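A structural walkthrough
If you want the building blocks of each chain, they are given just below.
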Amino acid sequence: MRKITFFLVWTLIMSGFNQQLIQAQGNRWQQSISYQMSIDMDVRANQYQGQQTIAYSNHSPDTLHKVFFHLYYNAFQPNSMMDERSRTIADPDRRVGDRISNLGPDEIGYMSVKGMHMNGNKVSMEEVGTILEVTLPEPILPNSTVIFDTEFEAQVPLQVRRAGRDNAEGVRYSMAQWYPKMANYDEQGWHANPYIGREFYGTFGDFDVKITIDKDYVLGGTGYLQNANEIGHGYEAAGETVRRTEASKLTWHFYAPQVHDFMWAADPDFTHDKIDMENGITIHHLYIKNSKTEENWSQLKEYTPRAMEFFSENYGQYPYQQYSVIQGGDGGMEYPMSTLITGHRSLGSLVGVMVHELAHSWFQGVLGSNESLYPWMDEGFTTFASNRCMAAIFSEEPSGFPQRGAYVSYERLAKSGLEEPMSTHADHFHTNTAYGAAAYSKGALFLSQMGYIIGEEVRDQAMLNYWDQWKFRQPNANDITRVIEKASGLELDWFKEYWVYTTKTIDYAITGVEEANGKTKITLQRKGLMPMPIDLLVTHEDGHQESIYLPLTMMRGEKAEEEGFAKRTHTQKWPWTHRTTEILLDKPLSGVKSISIDPSQRLADINREDNEWVKE
Ligand SMILES: [Zn+2]
């Protein structure tokens, strides 16, 4: 009875939350979910028993007969899909290699669902590697909410990739991907991707999580600790006396609203630094203090709040009350409200990885796009934003401008013969190299080149519009493009089509500069297959400069003049079908000193040598 009353209240709360989502999402529906989980951890066996209750709301117009759960830890078993893929890919991730195939019985990971009921009726289920296929006792109708009750047990794998126990720096538990997680269902159907290597996609909702573990362990992760004064370890409110139980274990109770995943980490030796920001957000740093961490993690306290301010100002206000930077994992990996990063780093590297992972909060965390289908909308946009943040924090723009590294990396990819379209499913790239350069670098250049095409100020405003219109709504490639089109008043679908779905490259050249009846005739050629608008800078012998602008006809408009560039004197549309175009300058050749295509270097032209003409 108590349970039924509880579910009634809970379902009412859920439907309030769901309505907020529905109102926010215009004509696109989204599923919503609420997790209640409790686990009891055995730190000697590295195993735990768990209970999970899910309230799942179907806002789709479809009747669902099956649902799917991710059982990520099953990837860490010899001969799993992740193991096979990691050993056979041409350029293996060194963190993985053949390590999974060498895991012993007490080192593998597993997640086993002992039983599952929907609305009190037993489901039938089949475990297929990292996916649990669940056939429902009765269908889930549109606009209805059902309750799943699940018992599960798991063994934490020895840390190989992202999650696990006893990582290379001795952190006991990096607990990502640790619970049966319902696959997301959206307008493109189910996304029950087996865990092979790449990243995630989840349904937004609330997480109420209770973790019972030996009392000397210090925890951190997603969410807000609900019983801080019973826990202590630096979480207690200022001036409060900690009232801990006498039992050998403590139960940590976390609550996280409006997130699509929940990560936690634990170690008996974690030092906990807490920084309260003026805007009410609390930053937590958790790390094992020793000679390799002490100095740099202490200095990190200055940088995390600064990065938080930078991103909130430029990409939208951070919507949660806390963010935790936790030593763990195998490099840097983002989760809602938190990150796991390795901690034995120089200060520059520590700040760099923290800034990158924090930037993910805006893209992976809150916008929450499908990282399998649109990895570039997360890693690429994160790279773009974090490059700018690093330049702002350290008041310098390495080698010209902050995105330089992304251009170099993309150019290398484009010339390597390994490039695949950026639209490739993240797990299905032929090489790790092609995935990395496409997602991180070519993805960053989507935004950097938008700055070139529509102007930086308009692009920056578009990013704030993107946040306002799509936060918590899981936008796709078309959604971001439409936001930028609306902000700029230009048609940009051609850019999305070429940049995202093809490997065609940009290469423009100045092929002729000659005298023509007292005027100067400039001939430009599009050598590459991808068309782009052209900014041309003419420098005269007397030192003055003018800009000539050649928008593509299919843009159906022009960008406004940008600050910091020479005055625009001439605009001439260039239809993409024409490989060459001619411009007549109203001045004799004797007065012209040099001409260059895109002096801002924002155009990802893969052969810049022919972009400049200088009088001999
Ligand atoms: Zn990243």
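See the structure above.
Described below are features of the structure shown in this document. None of these values were measured; they are calculated from a predicted model. (Residues numbered from 1 in each chain as written. Predicted model: local features only at pLDDT ≥ 70, side-chain atom pairs only at ≥ 80, totals over all residues. Heavy atoms only, no water.)

**Digging into the overall build of the chain**
For the chain, the helix and strand inventory stands at 11 helices and 31 strands. Relative to the compact-globule value of 25 Å for 616 residues, the chain shows a C-alpha radius of gyration of 27 Å, a close match. Its C-alpha atoms put the chain at 95 × 55 × 45 Å along the principal axes. For the chain, the accessible surface area stands at approximately 24,300 Å², while carbon and sulfur atoms represent 48% of it. Between the mean site of the 56 positive side-chain charges and the mean site of the 81 negative ones, the chain shows a separation of 2 Å. (Helix = DSSP H or I, 4+ residues; strand = E, 2+ residues; numbered from the N terminus. Rg over C-alpha atoms; globule rule 2.2 N^0.38 Å. Areas by Shrake-Rupley, 256 points an atom, 1.4 Å probe, with all protein chains shown as cover. Lys, Arg positive; Asp, Glu negative; His and termini not counted. Charge placed at Lys NZ, Arg CZ, Asp CG, Glu CD.)

**Describing the sheet that holds strand S1 (residues 32-42)**
Strand order in this open sheet of 8 strands is S5-S4-S8-S2-S1-S14-S17-S16, and the pairing throughout is mixed. Pairing within the sheet leaves two strands with one partner each, and these edge strands are strand S5 (121-122) and strand S16 (224-225). Pairing analysis gives 2 bridges linking strand S4 (residues 110-118) to S5, with the strands arranged antiparallel. Looking across to S5, one finds that Met-118 is bridged to Asn-121. (Pairing = 2+ DSSP bridges.)

**Some words on unusual backbone geometry**
A positive phi is found at Gln-177, a non-glycine position, where the angle reads about 55 degrees. Tracing the sequence through the fold places Gln-177 in the loop between strand S10 (173-175) and strand S11 (181-182). Look at Gln-177 and you get buried, because its relative accessible area is 2%. Notably, Asp-598 is not glycine yet its phi reads approximately 45 degrees, a positive angle. Mapped onto the secondary structure, Asp-598 falls in the loop between strand S30 (592-597) and strand S31 (612-614). The class for Asp-598 is buried, based on a relative accessible area of 3%. (Buried < 20%, exposed > 50% of the residue type's maximum accessible area, 1.4 Å probe, protein only.)

**Overview of helix H5 (residues 347-367)**
Taking 1.5 Å per residue, 21 residues should reach 30 Å; H5 reaches 29 Å between its end C-alpha atoms and fits that length. Where H5 bends most, the angle comes to about 40 degrees, and this point is His-360. Counting buried positions along H5 yields 18 of 21 residues, so the element is predominantly enclosed. Positioned one or two residues after H5, Gly-368 has a phi angle of 65 degrees, which is positive. (Expected span 1.5 Å × (residues − 1). Bend = angle between axes of the 7 residues up to and from the residue.)

**Quick word on the packing of helix H7 (residues 404-416) against helix H8 (residues 432-454)**
As a packed pair, H7 and H8 sit with axes 9 Å apart at the nearest point and diverge in direction by 125 degrees. Classified by the interaxial angle, the pair formed by H7 and H8 is oblique. Relative to H8, H7 is oriented so that their crossing is left-handed. Touching Ala-406, Tyr-407, Ser-409, Tyr-410 and Leu-413 of H7 are Ala-434, Ala-437, Ala-438, Ser-441, Lys-442, Ala-444, Leu-445, Ser-448 and Gln-449, all from H8. Among the residues forming the contact of H7 with H8, the class breakdown is 9 nonpolar, 4 polar and 1 charged. (Axes fitted to C-alpha atoms, helices over the stretch in contact; angles between N-to-C directions. Parallel < 35°, antiparallel > 145°, perpendicular 65-115°, else oblique. Left-handed = near helix turned anticlockwise from the far one by under 90°. Contact = heavy atoms within 4.5 Å. Nonpolar A, V, L, I, M, F, W, Y, C, P; charged D, E, K, R; others polar.)

**Describing the nonpolar core**
Proteins that are soluble and globular tend to have nonpolar side chains buried together. Counting residues in hydrophobic clusters, the biggest one holds 184 residues, and the most contacted among them are Tyr-48, Phe-148, Trp-178, Trp-264, Phe-311 and Phe-446. A per-element tally of this core places H8 first, with 13 residues. Setting aside anything within four residues of it in sequence, one finds Phe-446 in contact with Trp-376, Phe-381, Ile-480, Thr-481, Ile-484, Phe-495, Lys-496, Trp-499 and Val-500. (Core = buried A, V, L, I, M, F, W, Y, C linked by side-chain atoms within 4.5 Å.)

**So, the pairing of strand S21 (residues 322-327)**
Burial within S21 is extensive, with 6 of its 6 residues counted as buried. Covered by surrounding structure in S21 are Gln-322, Ser-324 and Ile-326 together with Tyr-323, Val-325 and Gln-327, the residues of both alternating faces. As paired strands, strand S20 (residues 282-288) and S21 are joined by 5 bridges and run parallel to one another. Directly across from Ile-283, in S21, lies its bridge partner Tyr-323. Handedness of the crossover joining S20 and S21 through helix H4 (residues 294-315) is recorded here as left-handed. When S21 meets strand S23 (residues 338-341), the two strands line up parallel, connected through 4 bridges. Looking at the pairing, Ser-324 lines up with Ser-338 of S23. (Right-handed = clockwise from strand over helix to strand, strands pointing away.)

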